[in-house]
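Now for the letters of each chain:
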Amino acid sequence: MEKNLAQKYNHKAVEEGKYNRWIEKGYFTAGDKSKDPFTIVIPPPNVTGILHIGHAWDNTLQDIISRYKRMQGYDMLFLPGMDHAGIATQAKVDARLKSEGISRYDLGREKFLERAWEWKAEYAKTIRTQWGKLGNSLDYSRERFTMDDGFNDAVRHVFVKLYNEGLIYRGWRIINWDPEARTALSNIEVYYQDDPGKMYHFKYVVKETGEEFVVATTRPETMFGDVCVVVNPSDEKLNHLIGKHTTNPANGQELPIIGDDYVEIGFGTGAMKCTPAHDPNDFAIAERHHLEKPICMNPDGTMNELCGKYEGMDRYVAREALVKQIETDGNLVKIEEMTHNVAHSERTHCVVEQYLSQQWFVKMKPLAEDVLKHQADEETKINFYPERFEKTFNGWLENIEDWCISRQLWWGHRIPAWYNTVTGETYVGETDPEDTTNWVQDEDVLDTWFSSALWPFATLGWPEETEDLARYYPTNTMVTGYDIIFFWVARMAFQARHFTKNRPFKDVLIHGLLRDAQGRKMSKSLGNGIDPMKVIEEYGIDALRFFLTTNSTPGQDMRYIPEKVEAAGNFINKIWNASRFVFMNLPEGMKVEDVDLTHLSLADAWIINRLNETITHVTENMEKYEFALVGNELYSFVWDDFCSWYVEMSKTALNGTDEVAKRAAQSTLYVCLKAIVGLLQPFMPFVTEEIYDLLPGAKESINLESWPTMIENVTACDLTAMARAISAIQKIREVKIVNDLKPSTLIHIALKDLDGNTIKADEAMSAIIMKLAKAEWQDTLEGDLTVEAIQGGSLYIPSSELSNPEEEIKKLEAEIERLKSEIARSTGILSNQGFIAKAPTAKIENEKQKLEAYQKQYAVIEERLNVLKK
């Protein structure tokens, strides 16, 4: 193999063929029983289409954790799988059939399901290809699908057990109904938007007295399902009507006037029509008063036989016709234009109907209470990152309602219930009735979330007591967005607690939504969606991965900004070029045994001490899922400390005649580069593999490498002193530019600490300052001295060596303003009692130290300004 990398970084060449080789070699196949297990099950993408940029973010976060844990020596199982996605997939297949000029009803259930399975096979293949493009280190030998045979067995087992325990029941309830898809919807499948509408005010007449009053509604078409008019018993203006009767303006039917305190006094007209089959609040009133619940609409959104001449009309056409009729009859009082929040189907985008339907439900309260009990126990709870989302999770469980689990679809887990057409009996079982004569299976399927709630344990073979289940469950970390805490995280929690007597995962890492550069949610209607495959084509997967995982803190939304992806690519270029420098300067045939860190220069000792500090901080933050902090730390160390400073510092030894110094620099370069690619491997698996392969002593793949640990027995280095010297070099370069001096112009300097104590020149550090800034460090300087604030102290230069005192005044005045701002900011933070009460002691102390440093620097600069202005 060649010793050096290609002259230019080319992401396509670097990524080519690596993933397939990793899979063929089995690097990601779990099962090493000599190691402790660590498990992540991928949130299964829907087989509705291709992965979007949100999937890329979610998957990459999981893959970073997986690669990190694998390097730490765990038997890492990153388990892949996909979700059948019920209504979403059926809608896609329906659309394809429509383009062919047919419908699912033309095919029939069995033929339609064949087409749905074909769709699944097609898109599952695409998703696997995209997983590979993203670099996901998945164990494909354990891939699952929410409708494979084993999963189907698990779903039936759960349904039957909950039914036998009285936790699943069939009943009539108001549910979200999609008239276009003709199915019930879960809350997750409904979105709300402000739509223009109208409030219709109709005149009602009391039959017994002739008194007139007004009732208002936004949905006149549902008046055919009205059973009464309701007023509040405490409403002094209208409570005298209770017990009397009125006539429905829609159909002339007599309606009783009843009292119920649900009606808010002073709101609207004070009188409310009650339509129990088309409104959940009206349904509750009907339950309390034992009223009938007539349905006036067909499942497809047309009016039914209760509506007389309007039967068969679309609900909105019927609305307009009915209002005209009521106006003709003299009962229309007024129509008010308004905007109201309306529920829409996420899949078909039609307006959702609140609809009385016989459905299957899960009794949620006992299941939720069990989870909440364990959330109060530190040993058994699910840990949320960020912690604040636990309140969201608990709050939903505390106020939970029964869950409608049946869907009027063909694609999904068919409900394991059969009805006897002769006796009327119901049979619920894991297997079909022994004698199928006169037995008809329920036509409905289960909500997609019912099966995906079993994902963490059914993927491992449950309800069978498999070896994988015993070893890898409960899983360790779940990564998902805050938008499905209620609908998926909570459901996994209660199903796991009920059926496995355990939590489904120890930690759940919550991320936000990926938005466009303007902060808008990505959507087809806005045309602002991002195809991750196109981004990979342009910038490479390593750049995309680094951007996605280091630009947002846990729980926060993130904006997709192409310039930041490009910046990540520039960072990789920097790493590539630094690596080329290292390889060109390592001795021919170097072996790991040749590494010698016993005679380090100041620069060598400094960079290795900074490396150790970086390894410590990065490891701590990886454990807390603080990948943005990890990214910042790695960027700072690699770009600034290693590339910008140490590489330059090392050239003296590398180009010199001192073989001991040269060997120390070469060893330091090797140790640093090996650690850098190890620390970056979870984020940038492709480019780090390419670089790692050329390192002396490299294993077959970086996937077999261990996580970097601190370099032991290295000469200690005063990091503060080195940071001050680097700050001085930066300031010297800046001063030369401002004063129109060539970089090669020799100037003299002196240094003082923050307390004004002179720092005596150090031979090794003096040599670094001379090489990198062409400045001679002296213990003392005489005469008029220009002063500059630097990190940890002040820099002094003879004013006679500079040519622009007016420019110095401007700079110092700007510096004074900057320090004023920093002092005000720091003072404000430290005077904030909320911050003092909640912040860690170390953070408070760090802020105090900053404030003290700013104040001392301010005093020095102010003194120099006073001298210049005399």
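Residues numbered from 1 in each chain as written. Predicted model: local features only at pLDDT ≥ 70, side-chain atom pairs only at ≥ 80, totals over all residues. Heavy atoms only, no water.

Asker: How would you summarise the overall build of the protein if you had to cite specific residues and measurements?
Answerer: In terms of helices and strands, the protein carries 27 helices and 30 strands. Scored against the burial criterion, the 870 residues of the protein give a buried share of 53%. For the protein, the computed accessible surface area is about 39,100 Å², with 48% contributed by carbon and sulfur atoms. Side chains of the protein give 98 positive and 133 negative charges; the mean places of these two sets differ by 3 Å. (Helix = DSSP H or I, 4+ residues; strand = E, 2+ residues; numbered from the N terminus. Buried < 20%, exposed > 50% of the residue type's maximum accessible area, 1.4 Å probe, protein only. Areas by Shrake-Rupley, 256 points an atom, 1.4 Å probe, with all protein chains shown as cover. Lys, Arg positive; Asp, Glu negative; His and termini not counted. Charge placed at Lys NZ, Arg CZ, Asp CG, Glu CD.)

Asker: Hey, could you go over unusual backbone geometry for me, with residue numbers and the actual values?
Answerer: Residues Trp-462 and Pro-463 are joined by a peptide bond in cis, for which omega reads 15 degrees. On the secondary structure map, Pro-463 appears in the loop between α13 (455–458) and α14 (467–472). Following Tyr-473, the chain continues into Pro-474 via a peptide bond in cis, with omega recorded as 0 degrees. Here Pro-474 lies in the loop between α14 and β22 (475–481). Here His-349, not a glycine, exhibits a phi torsion of approximately 70 degrees, which is positive. Relative to the elements of secondary structure, His-349 occurs in the loop between β13 (332–345) and β14 (353–362). Residue classification places His-349 among the partly exposed residues on the basis of a relative accessible area of 48%. At Asn-713, a residue that is not glycine, the phi angle is positive and equals roughly 55 degrees. Tracing the backbone through its elements, the reader meets Asn-713 in the loop between α22 (685–692) and α23 (719–738). A relative accessible area of 77% places Asn-713 in the exposed class.

Asker: Break down the sheet that holds strand β18 (residues 417–420) for me, with residues and values.
Answerer: Taken in spatial order, the 3 strands line up as β19-β18-β20 in an open sheet, and their pairing is antiparallel. A strand with exactly one partner marks an edge of an open sheet, and here the two such strands are β19 (426–428) and β20 (439–441). Along the sheet, successive strands turn relative to each other by an average axial angle of 30 degrees, direction set aside. Summarising the sheet, β18 and β19 pair through 3 bridges and their orientation is antiparallel. When the sheet's bridge partners are listed, Trp-418 is paired in β19 with Tyr-427. Taken strand by strand, helix α7 (residues 149–164) contacts β18, β19 and β20, and its axis lies near 125 degrees from that of β19. (Pairing = 2+ DSSP bridges. Axes fitted to C-alpha atoms, helices over the stretch in contact; angles between N-to-C directions. Contact = heavy atoms within 4.5 Å.)

Asker: Give me a negative patch on the surface: which residues, what numbers.
Answerer: On the surface, a cluster of negative charge is made up of Asp-149, Asp-153, Glu-430, Glu-464 and Glu-465. Tracing the sequence through the fold places Asp-149 in helix α7. Accessibility expressed as a relative area gives 65% for Asp-149, which makes it exposed. (Patch = residues over 30% accessible without salt bridge, like charges linked within 9 Å, V, L, I, M, F, W, Y side chains within 5 Å. Salt bridge = Lys/Arg side-chain N within 4 Å of Asp/Glu carboxyl O.)

Asker: Kindly report on the side chain of Ser-826, identifying the contributing residues and their values.
Answerer: Looking at where Ser-826 falls in the secondary structure, it is placed in helix α25 (residues 805–830). Contact partners of Ser-826, with chain neighbours within four places excluded, come to Glu-847 and Leu-851.

Asker: Go over the sheet that holds strand β7 (residues 190–205) with me, naming the residues and quoting the values.
Answerer: Across the sheet, which stays open at both edges, the 3 strands sit in the order β8-β7-β13 with antiparallel pairing between neighbours. Every interior strand has two partners, whereas the edge strands, β8 (212–217) and β13, have only one. Taking the axes of each pair of neighbouring strands and ignoring which way they run, one obtains an average angle of 20 degrees across the sheet. Bridge count between β7 and β13: 13 bridges; the pairing is antiparallel. Within β13, the position partnered with His-201 by the bridge is Lys-334. Packed onto the sheet, helix α9 (residues 315–328) meets β7 and β13 and runs at close to 20 degrees relative to β7.

Asker: I'd love a proper account of the packing of helix α10 (residues 365–375) against helix α15 (residues 485–500), names of residues and values included.
Answerer: Following both chains from N to C, one finds α10 and α15 inclined at 90 degrees, their axes separated by 9 Å at the closest point. When the interaxial angle is binned, α10 and α15 end up roughly perpendicular. Within the contact between the two elements, α10 uses Leu-367, Asp-370, Val-371 and His-374 and α15 uses Ala-493, Phe-494, Arg-497 and His-498. Across the contact of α10 with α15, the residue classes tally to 4 nonpolar, 2 polar and 2 charged. (Parallel < 35°, antiparallel > 145°, perpendicular 65-115°, else oblique. Nonpolar A, V, L, I, M, F, W, Y, C, P; charged D, E, K, R; others polar.)

Asker: I'd like a rundown of the UniProt feature "short sequence motif: 'HIGH' region" (unreviewed entry) in the protein, residues and numbers included.
Answerer: UniProt feature "short sequence motif: 'HIGH' region" (unreviewed entry): in the numbering of this structure it lies at residues 45–55. Along residues 45–55, the helical share is 27% and the strand share 0%, with 8 Å between the first and last C-alpha atoms. (UniProt positions renumbered as here; feature names shortened; annotations may be inferred.)

Asker: Tell me about the packing of aromatic side chains, and name the residues and values.
Answerer: All told, the structure shown has 44 aromatic pairs when counted by the stated rule. Relative to Phe-145, the ring of Trp-117 has its centre 5.7 Å away and its plane inclined at 70 degrees; by these criteria the two rings are edge-to-face. Residue Trp-117 is located in helix α6 (residues 109–134), and its partner Phe-145 is located in strand β4 (residues 144–145); the two are separated by 28 residues in the primary sequence. Each residue in the set Tyr-385, Phe-546, Phe-571, Tyr-625, Phe-627, Tyr-635, Trp-639 and Phe-683 is aromatic and connected to the rest through ring pairs, giving one cluster. Against the face of Phe-361 rests Arg-173, its NZ or CZ located 5.8 Å from the ring centre. (Phe/Tyr/Trp six-rings, centres within 6.5 Å; stacked < 30°, edge-to-face > 60°. Lys NZ or Arg CZ within 6 Å of the ring centre and 35° of its normal.)

Asker: Help me get a handle on the domain arrangement of the protein, residues and values and all.
Answerer: According to the domain assignment, the protein contains domain 1 (29–155 + 452–545), domain 2 (183–354), domain 3 (560–704), domain 4 (719–801) and domain 5 (805–869). On a C-alpha basis, the centroid separation for the pair domain 3 and domain 4 is 28 Å. Between domain 3 and domain 4, the contact holds 11 residues from the first and 12 residues from the second. A buried area of about 980 Å², summed over both sides, lies between domain 3 and domain 4, and 86% of it is on carbon and sulfur atoms. Ranking the residues of domain 3 by area buried against domain 4 places Leu-602, Trp-606 and Trp-645 at the top, with a combined share of 59%. At the junction of domain 3 with domain 4, the criterion picks out 0 residue pairs in polar contact (both at pLDDT 80 or more). Those elements giving two or more residues to the side of domain 3 that touches domain 4 turn out to be α19 (602–623) and α20 (627–654). (Domains from an automatic or database assignment. Buried area = accessible area lost by both parts, 1.4 Å probe. Polar contact = N/O pair within 3.5 Å; in protein donor to acceptor, adjacent residues only side chain to side chain.)

Asker: Just give me the short version of helix α21 (residues 659–680), but keep the residues and values in it.
Answerer: Spanning 22 residues, α21 covers 31 Å between terminal C-alpha atoms, matching the ideal 32 Å at 1.5 Å per step. Most of α21 sits out of view: 16 of its 22 residues are buried. Among the residues of α21, the N-terminal cap falls to Asp-658, whose side-chain oxygen and the backbone nitrogen of Val-660 are separated by 3.0 Å. (Expected span 1.5 Å × (residues − 1).)

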